Amino acid sequence: SGPETQLTALFMQTFGPNSRAELVEGMVLRRYPITAELAPMILEVARKGDAPANKAVRWAAEKLADLAIGAARQLELQDQAFEIVLSGSFFKAGEILIAPIKEKILEIAPYAEFRLLDIPPVCGGVILAMLESHAIEVKDIGRIQARLRGYFLGRV
């Protein structure tokens, strides 16, 4: 019922219905679920300028931003600098996803800083454990992160 989109062809190819009507019915009845595995293909369609695909990507980005905004409000961080670490393969999509997230978060937390996580998330737990056990001090975190980064990128 909306504007033409290449997502229709993508979903027809992915799910194999016999008609568009069957595709819509299958999606409404959840026989054809839109799962995370489709994200790279939807992002590709969006990058090609497909308006409905771009709208879907922006919607997903804004929902992720809402989660961060909720946490920032609960921690009362809106008026101070804090770091938002973008973690996970979804963020490899780049600015098509990251820009709307930043835009929405910066509306309520103008001092938020964004960083793509370049080491596995488990490293944060390791660093916290090292701090808690007094094996390192806060001033050592940057050095430890660099060593972990080198290790995971094969440059120890």
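Just so it is clear, the structure is predicted and the values come from calculations on it, not from any experiment.

Asks: What is the right way to look at the overall build of the protein chain in this model?
Replies: Helix and strand content of the protein chain: seven helices and two strands. In the protein chain, the succession of α and β elements from N to C terminus is α-α-α-α-β-α-β-α-α. In terms of overall size, the protein chain is more extended than a compact globule, its C-alpha atoms giving a radius of gyration of 20 Å where 156 residues would be expected to give roughly 15 Å. Partitioning the contacts of the protein chain with sequence separation of at least 6, the portion at a separation of at least 24 is 58%. With 18 positive and 19 negative side-chain charges, the protein chain shows a separation of 4 Å between the mean positions of the two kinds.

Asks: Any chance you could explain helix 1 (residues 6-15) here in plain terms?
Replies: Because the α-helix completes a turn every 3.6 residues, residues three or four places apart line up on one side. Taken together, the buried positions of helix 1 are occupied by Leu7, Thr8, Leu10, Phe11 and Phe15. Each buried residue of helix 1 sits inside an arc of 165° when the element is viewed along its axis, so together they form one side. Among the exposed residues of helix 1, those oriented more than 90 degrees off its buried face are Gln6 and Gln13. In this structure, the buried side of helix 1 is in contact with helix 2 (20-28), helix 3 (39-47) and helix 4 (51-74). Among the residues of helix 1, the N-terminal cap falls to Thr5, whose side-chain oxygen and the backbone nitrogen of Leu7 are separated by 3.0 Å. Following helix 1 by one or two positions, Gly16 adopts a phi angle in the positive range, close to 70°.

Asks: For this particular structure, what's the right way to read the packing of aromatic side chains?
Replies: Under the defined criterion, the tally for this structure stands at four aromatic pairs. Taken together, a centroid distance of 6.1 Å and an interplanar angle of 40° make the contact between Phe11 and Phe15 tilted. Of this pair, Phe11 and Phe15 are both found in helix 1, four residues apart, which corresponds to roughly one turn of the helix. Just as Phe11 is buried, Phe15 falls in that class too. For the pair Tyr151 and Phe152, a centre-to-centre distance of 5.1 Å together with 85° between the ring planes defines the contact as edge-to-face. Taking the relative accessible area as the measure of exposure, Tyr151 reaches 55% and is therefore exposed.

Asks: Explanation requested: the pattern of salt bridges in the structure shown.
Replies: It is possible for side chains of opposite charge to pair when their charged atoms get near one another. Tallied over the entire structure, the rule returns 12 salt bridges. Of the charged contacts in the structure, one is a salt bridge between Arg115 and Glu83, with a shortest N-O distance of 3.2 Å. Of this pair, Arg115 sits in strand 2 (residues 112-116) while Glu83 sits in strand 1 (residues 82-86), and the two are 32 residues apart along the sequence. On the basis of relative accessibility, which here comes to 46%, the residue Glu83 falls in the partly exposed class. Three or more residues joined by partner-sharing salt bridges are found here, namely Glu83, Arg115, Asp118 and Arg149.

Asks: Would you take a moment to explain the pairing of strand 2 for this structure?
Replies: Consecutive side chains along a regular strand alternate between the two faces of the sheet. The sheet contact formed by strand 1 and strand 2 spans five bridges and is parallel. Considered in strand 2, the bridge of Val85 is made with Arg115.

Asks: Hey, could you run me through the side chain of Asp140 in this one?
Replies: Checked against the element boundaries, Asp140 lands in the loop between helix 6 (122-132) and helix 7 (141-152). At 3.4 Å, the side chain of Asp140 forms a polar contact with the side chain of Lys139.

Conventions we followed
- Residues numbered from 1 in each chain as written.
- Predicted model: local features only at pLDDT ≥ 70, side-chain atom pairs only at ≥ 80, totals over all residues.
- Heavy atoms only, no water.
- Helix = DSSP H or I, 4+ residues; strand = E, 2+ residues; numbered from the N terminus.
- Rg over C-alpha atoms; globule rule 2.2 N^0.38 Å.
- Contact = heavy atoms within 4.5 Å.
- Lys, Arg positive; Asp, Glu negative; His and termini not counted.
- Charge placed at Lys NZ, Arg CZ, Asp CG, Glu CD.
- Buried < 20%, exposed > 50% of the residue type's maximum accessible area, 1.4 Å probe, protein only.
- Arc of directions from axis to C-beta.
- Polar contact = N/O pair within 3.5 Å; in protein donor to acceptor, adjacent residues only side chain to side chain.
- Phe/Tyr/Trp six-rings, centres within 6.5 Å; stacked < 30°, edge-to-face > 60°.
- Salt bridge = Lys/Arg side-chain N within 4 Å of Asp/Glu carboxyl O.
- Pairing = 2+ DSSP bridges.

These results come straight from atomic positions and should not be treated as a statement about function.
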